[in-house]
Amino acid sequence: MTTNTDARDELIDLAADFYDQFADGTIPEMKLPTRTKSNIEYDPESGVWTYGDRTSTRSANSVRGARKLLKAAYTIEFLANQLDDDRSSTLRELYYLSESWDNDEAQFGSQDESNDLVEDLEIVTGVTREDFHMRPEESGATLMGPLLIREQTRRGEREIHCQEDVGAGGYQIPNNPDMIEFLDDDIDFALAVETGGMRDRLVENGFDEDYNCLVIHLKGQPARATRRITKRVHDELDVPIAVFADGDPWSYRIYGSVAYGSIKSAHLSKYLATPEAQFVGIQPADIVEYDLPADPLSDSDVNALESELEDPRFQTDYWEEQIELQLDIGKKSEQQSLASRGLDFVTDTYLPERLDAMGVL
Amino acid sequence: MTSFQSTIGDEEGIAEELAEGQREISIAEFFEKNKHMLGFDSGARGLVTAVKEAVDNALDATEEAGVLPDIYIEIEEVGDYYRLVIEDNGPGITKEQLPKVFGKLLYGSRFHAREQSRGQQGIGISAAVLYSQLTSGQPAKITSRPKGQARAQYFELIIDTDTNEPEIKADEETTWDRPHGTRIELEMEANMRARGQLHDYVKHTAVVNPHARLELREPGLDEPMKFERATDELPAETKEIRPHPHGVELGALIKMLEATESYSVSGFLQEEFTRVGKKTADSVLDNFRDVYDGRELAWSPPRAHDDRDVEAAIGDAVANKGKAATTAFAEGVAETVAGNDRLSRSDLAEIVGNVADGVEDDTGRTFGETVRENAVEAAWTAITGVGADRGESSEEDDAPADPVEAAVIADVYALVDEATSTRKDDAAVQAMADALARRFANLDGDAFRITRDDLDRLVADAASFVAEQHDATFGETARENVAEAFWSRARTVPDDPPKVRDVAADRDASADLLEAMRATDILAPPTDCLAPITAELVEAGLRKEYDADFYAAATRDAEVHGGDPFIVEAGIAYGGDIPAEGSVELLRFANRVPLVYQRGACATTDVIKSIGWRNYGLDQPGGSGMPNGPAVISIHVASTNVPFTSESKDALANVPAIEDEIELAVREAARELKSYLNKRRSMQQRREKQNVLGTILPEMADKVSEVTGRPRPNIDGALARIMNNVSVEREVADGTVTLVVENHSDVSETVEITDIVSTEPTDLSDGTVVDMDGEWFVQWKPEVSSGDERELTYAVDDDADFEISVGGVETEKLTVNA
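Residues numbered from 1 in each chain as written. Chains lettered and ligands numbered in written order. Predicted model: local features only at pLDDT ≥ 70, side-chain atom pairs only at ≥ 80, totals over all residues. Heavy atoms only, no water.

A closer look at the overall build of chain A
No. 1: Across its full length, chain A carries 13 helices and 17 strands.
No. 2: Burial status across chain A gives 55% buried among its 361 residues.
No. 3: For chain A, contacts bridging at least 24 residues in sequence account for 73% of all contacts bridging at least 6.
No. 4: Carbon and sulfur atoms make up 42% of the accessible area of chain A, which totals about 15,400 Å². (Helix = DSSP H or I, 4+ residues; strand = E, 2+ residues; numbered from the N terminus. Buried < 20%, exposed > 50% of the residue type's maximum accessible area, 1.4 Å probe, protein only. Contact = heavy atoms within 4.5 Å. Areas by Shrake-Rupley, 256 points an atom, 1.4 Å probe, with all protein chains shown as cover.)

So, in structure tokens, the structure goes:
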């Protein structure tokens, strides 16, 4: 874990680079890996996808580049001060805070711009934004299961059991999961669930108790903190991870970012991705096998599936087979479609059968 | 049965009745009824036209006399009428000529001359006089003082519209303060509604005649409009030229043939036309023979294995010349014939003549006309079968029975085969060759004479026969190729061309001559009959009347339309005080006369609209039509005969050759405009970039020095590099000044540096020093190539002051820190 001082030094070093470039009479610039689908590569050592060798340069050569670097300089100053003061702020706060800067040119035009810049700084300094004390807005993702943790909050340490000390909503994952320590657990496996409705169904049916399962609510495309804690559960507690999502191309991408890492944060894949995570369903094969109620694929679904066939992360036999099957049947199903067989079908039949087949149970 | 004749006959005297009403119409009378044709259709326009005609005349007259024009125009209200006064400093007009010049329509010096001038028909000024007398009843008052005469002559005259003759109302001597010149005063019904056009006319006249001084007074002006001259150079004097052979029409040619004193056509061509010398006349005559007489088809001589024997034929044909001479003659001809690839009957006659002359010299025997003629005939028969007895066509042999066909078939086949594509099957080619040979055999006369038109027809006829009989098509191209194959091998006949009087008497022969003239390549007419304004003066004219940021002009080389040479010039002014709203202003000129009316009907307007102006940096809504923006485009067409759409000379007719040249001239000038606008745009972008970066980068430098806790870095180097700039920096240390010039741009730059130093500098490493009243000017002009740097050092007192100025590089590209 990077300390405040380390993070601060990395930022000051970057500013010093700019300084030296000015002093040498050269044009200040900042080199970054190109952040596109075509520039991510599989790292066989860690089993995740990271950026390749192609880089792009933010240079003061152009008006646009100069503005970006000016904003970077102001952001560096802000982050360095924040670390000195041991404060933290959200990405959104950074965006509004820039309004208070004395220089109009340094202010952000949109939150996307400030988010991107923070990511740039992460990549160049090798420090994660959590260590800059920059948080996203709460994603609201939760844990539920037999796990005892200790969390460092700004108001002191708290020991929490994620089944016994929490309400029906579960334990809310903090923005920096590295502030959590795992104390004790009775987990056989973790199940990362896409939708809130399905998480509630599993909890109501007592699935976590019956199977010693840690239910992780992904809440759609999972936030970094959710992915980070999933990886820590896997690595530190040595339990298998299964991802349970809808049976459509968008949900496969959710699985992809849990297992392989996302394109935007590929620089952190080693820190966020869990390549051992397995996909439970809903598989296209399940739609056929369980005769689930299904909707026809829309044009954008078809495009997304075809684009996944091109995506280096999905080029495995399993995914090619599943995606081609789905294109063939032309259907997609939600997790909730399992309710057509009764409310207990998912916990009594579907999940045990699938998890057994996958070797998790 | 009622005949028509008798019906008419019954109505006695209809023709006579009609004849009573038929009489000659005077041109003046005609004009009276057709004022609009000459630009006098309304009071407003009449005034502008009258000014235009008078000023055009004044300019022509002064230029011809080699005087810089000084023209005064005044318009006054006189009761219900307007009085128009135009004065010039021209050579004046003699007492005898004056009434005719002003008082007779179609009287002038220009109409018959091929020379560039403003006036052409001799209608303009007398039409103005006529218009004035028709509307106000007042005579024209004219004063003229020819150069060198002590007194001026004053006339009052009107035109007798019945006879088109001037009627002099007053004729007296008077005094005039101008040493020479002409003054005309006209009173007419008019109004000033066309004031805009009048001002345009005068202003544009000044633009296009930068050597003229013009002054206009009219009731609407508080102060007279004055246009001073921009040059003291008179336009080049023009020369009259003879017509160009490509420019005459049949009627004109016949008239010239009838009028000429030349006896031979060759002489006529050289005498009456420009650009025709002996050589050109000969090629015209060759072409003339081709169309008038046709060519003689040429055939290859018999080969060794043929049973047609030239030598034997000649031997038989010559009698009583002795064996030796006869043999020498026959052998000589046969040998020469065999040495020719192809020959026509005329070629053969020439050969026979030559050989006969040779044998005569050698043997002393005389070979007379008849002998030679017989020999030619016999040899020609041997070569082509002409005049041979129709042979017994042997039953099994399918060779043609006709001896001519039999003799030429091989030749014909070879040519057809060569001329048609390889895809034609052999049977078709053979059929075509047969059909052609048969038709050639049937040509009149012995010599196979045929004109190109007839040859084409003959080939077409043969082709349709083949198509019908053998189901093989010879298309347009194949026929053309076949005809061309024969034509190109045929010989021009040696006959003398007909004499001029024969051609003149024969309309078809004249038409043939005209065709031959047009078919011959002849140099473009000389251009000393034209007086272009020249690109510099086009630009000077624009500069004088438009305060713009940019000017460009182009003059094209002379071209020809219908035998008349012409030159197109174009100019563009852009920016400055020219209004940016609405479409650009188009100035049209023909022979230095501004065209004011009928802009929409003018070829120049069509051309401007057809150009894609967005390419050249001007706004053009919809990508076609008149462009918008702060620009003035001027177009001048100078020609010995400017084609106008009507007699009022308002708009150029759409002549393709002229339109093409207009487009090229305008595009030439527009290309300069484009590079100017591009450069301006890139300089503007550079300025904007410099402005933005000039604030951002120092702020960034401040911020990084704040964050790192170091002193503010010097960013000029980085800035100069970013802007691809040239940077000049001064370093002073221990009494040594170093000026460093770094060139970060991608081209080599020559930098002019002047450093003004308050104490005397010494030990200059380069450059020069000039002492100017206690200040020292260090001057240095290094050339620094792209990416390179140069240093200048000198020694100076420590308390010296410096003031540097840098030139040779655009300010946008310069970073000075010294």
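Considering the packing of helix 15 (residues 403–419) of chain B against helix 18 (residues 476–489) of chain B
All names here are of chain B.
No. 1: Their axes nearest at 8 Å, the elements helix 15 and helix 18 cross at an angle of 125°. Judged by the angle between their axes, helix 15 and helix 18 are oblique. For the pair helix 15 and helix 18, the sense of crossing is right-handed. Counted together, V412, L415, V416, E418 and A419 of helix 15 and N481, V482, A485, F486 and R489 of helix 18 form the full contact between these two elements.
No. 2: Partitioning the contact of helix 15 with helix 18 into residue classes produces seven nonpolar, one polar and two charged. (Axes fitted to C-alpha atoms, helices over the stretch in contact; angles between N-to-C directions. Parallel < 35°, antiparallel > 145°, perpendicular 65-115°, else oblique. Left-handed = near helix turned anticlockwise from the far one by under 90°. Nonpolar A, V, L, I, M, F, W, Y, C, P; charged D, E, K, R; others polar.)

Considering the packing of helix 13 (residues 345–363) of chain B against helix 14 (residues 369–384) of chain B
Residue and element names in this part refer to chain B.
No. 1: Viewed as axis vectors pointing N to C, helix 13 and helix 14 meet at an angle of 130°, and their least axial separation amounts to 10 Å. With respect to each other, helix 13 and helix 14 are oriented oblique. In the packing of helix 13 onto helix 14, the handedness of the crossing is right-handed. Every residue of helix 14 that contacts helix 13 at R345, L348, A349, V352, G353, A356, D357 and E360 is listed here: R372, E373, A375, V376, E377, A379, W380 and I383.
No. 2: The class makeup of the residues in the contact of helix 13 with helix 14 is nine nonpolar, one polar and six charged.

Side note on the environment of A509 of chain B
All names here are of chain B.
No. 1: Checked against the element boundaries, A509 lands in helix 20 (residues 507–519).
No. 2: The sequence separation of A509 and V291 amounts to 218 residues, and the corresponding C-alpha distance is 9.0 Å.
No. 3: Beyond its immediate stretch of four places on either side in the chain, A509 contacts F288, Y292 and V503.

Thoughts on the sheet that holds strand 15 (residues 278–281) of chain A
Residue and element names in this part refer to chain A.
No. 1: Read from one edge of the open sheet, six strands run 10-7-13-12-14-15, paired in mixed fashion. Two strands close off the open sheet at either side, each with one partner strand: strand 10 (171–172) and strand 15.
No. 2: Bridge count between strand 7 (residues 142–144) and strand 10: two bridges; the pairing is antiparallel. In the strand pairing of strand 10, T142 is matched with Q172.
No. 3: Its contacts with the sheet place helix 5 (residues 196–204) against strand 7, strand 12 (189–193), strand 13 (213–217) and strand 14 (241–244), and it is angled at close to 140° to strand 12. (Pairing = 2+ DSSP bridges.)

So, the pairing of strand 14 (residues 564–574) of chain B
Residue and element names in this part refer to chain B.
No. 1: Burial analysis of strand 14 places eleven of its eleven residues in the buried class, the great majority of the element.
No. 2: Neither face of strand 14 is exposed, since D564, F566, V568, A570, I572 and Y574 on one face and P565, I567, E569, G571 and A573 on the opposite face are all buried.
No. 3: Examined bridge by bridge, strand 12 (residues 550–555) and strand 14 share six bridges and lie antiparallel to one another. Pairing of A553 across the sheet is with G571, part of strand 14.
No. 4: Relative to strand 14, strand 13 (residues 559–561) runs antiparallel, the two sharing three bridges. Following the sheet pairing, V560 is matched in strand 14 by P565.

Let's talk about the interface of chain A and chain B
No. 1: Across the contact, 26 residues belong to chain A and 24 residues belong to chain B.
No. 2: Regarding the contact of chain A and chain B, the summed buried area is about 2,200 Å², with carbon and sulfur atoms giving 73% of it.
No. 3: Broken down residue by residue, the surface that chain A buries against chain B is led by Y19, F22 and E77 of chain A, which jointly contribute 32%.
No. 4: In this structure, the connection of chain A to chain B is made through two salt bridges. (Buried area = accessible area lost by both parts, 1.4 Å probe. Salt bridge = Lys/Arg side-chain N within 4 Å of Asp/Glu carboxyl O.)

Some remarks on the packing of aromatic side chains
Residues and elements named next belong to chain A.
No. 1: Counting across every chain of the model gives 29 aromatic pairs over all chains.
No. 2: Taking the centre distance of 5.4 Å and the plane angle of 35° together, the rings of Y74 and W101 count as tilted. With a gap of 27 residues between them, Y74 in helix 2 (residues 63–84) and W101 in the loop between helix 3 (91–97) and helix 4 (111–125) connect regions that are remote in the sequence. For the pair Y74 and W101, one class covers both residues: buried.
No. 3: Residues Y290 and F345 carry aromatic rings whose centres are separated by 5.9 Å and whose planes lie at 75° to one another, so their mutual orientation is edge-to-face. Taken together, the positions of Y290 in the loop between helix 10 (284–289) and strand 16 (295–296) and F345 in helix 13 (residues 345–358) put the pair 55 residues apart, joining distant regions of the chain. (Phe/Tyr/Trp six-rings, centres within 6.5 Å; stacked < 30°, edge-to-face > 60°.)

Topic: the pattern of salt bridges
No. 1: Going through the model one piece at a time under the given rule, you end up with 63 salt bridges over all chains.
No. 2: The shortest N-O distance in the salt bridge between K31 of chain A and E29 of chain A comes to 3.7 Å.
No. 3: Accessibility expressed as a relative area gives 32% for E29 of chain A, which makes it partly exposed.
No. 4: The partner of K71 of chain A in a salt bridge is E113 of chain A, with the nearest N and O atoms 2.5 Å apart. Note that K71 of chain A is positioned in helix 2 and E113 of chain A in helix 4, a separation of 42 residues in sequence.
No. 5: A relative accessible area of 8% means that K71 of chain A is categorised as buried.
No. 6: Here the salt bridges share partners, and the residues they tie into one network are E76, R83, E87, R178, R183, E185 and E187 of chain B.

A word on the sheet that holds strand 1 (residues 70–78) of chain B
Residue and element names in this part refer to chain B.
No. 1: Strand order in the open sheet made by the eight strands is 5-4-3-6-2-1-7-8, with mixed pairing throughout. This sheet does not close on itself; its edge strands, each paired only once, are strand 5 (165–174) and strand 8 (225–227). On average, adjacent strands in this sheet sit at an angle of 15° to one another, irrespective of strand direction.
No. 2: Examined bridge by bridge, strand 1 and strand 2 (residues 81–88) share seven bridges and lie antiparallel to one another.

So, the pairing of strand 21 (residues 752–757) of chain B
Residue and element names in this part refer to chain B.
No. 1: Burial of strand 21 is extensive: five of the six residues sit out of reach of the surface.
No. 2: Where strand 21 and strand 23 (residues 775–780) come together, five bridges link them in antiparallel fashion. Across the sheet, residue I756 finds its bridge partner in strand 23, namely F777.

Thoughts on the side chain of E119 of chain A
No. 1: Assignment of secondary structure puts E119 of chain A in helix 4.
No. 2: Sequence-distant contacts of E119 of chain A, defined by excluding residues within four places in its chain, comprise R35, R224, K264 and H267 of chain A.

Here we look at the confidence of the model for chain B
Caution applies to low-pLDDT parts of the model: their predicted coordinates are not meant to be read in detail.
All names here are of chain B.
No. 1: With 93% of its residues at a pLDDT of at least 70, chain B reaches an overall mean of 83.
No. 2: Within the model, the stretch residues 1–6 combines pLDDT values under 50 with one contact to residues more than four positions away or in other chains.
No. 3: Every residue in residues 393–397 is under pLDDT 50, and counting partners more than four places away or in other chains gives one contact.
No. 4: Here the predicted complex scores 0.58 on pTM and 0.76 on ipTM. (pLDDT = per-residue confidence, 0-100.)

Thoughts on the environment of A483 of chain B
All names here are of chain B.
No. 1: Mapped onto the elements of the fold, A483 is located in helix 18.
No. 2: Since its relative accessible area comes to 1%, A483 is described here as buried.
No. 3: For the pair A483 and D453, spaced 30 residues apart in the sequence, the C-alpha separation amounts to 9.7 Å.
No. 4: The residues contacting A483, other than those within four sequence positions of it, are R452, L455, D456 and V459.

Structural notes on the environment of Q197 of chain B
Residues and elements named next belong to chain B.
No. 1: Structurally, Q197 can be placed in helix 7 (residues 195–208).
No. 2: Q197 sits in the partly exposed class, given a relative accessible area of 28%.
No. 3: Distance in space between the C-alpha atoms of Q197 and R45 is 8.7 Å, their sequence separation being 152 residues.
No. 4: Sequence-distant contacts of Q197, that is, excluding residues within four places in its chain, are made with V48, V596 and Y597.

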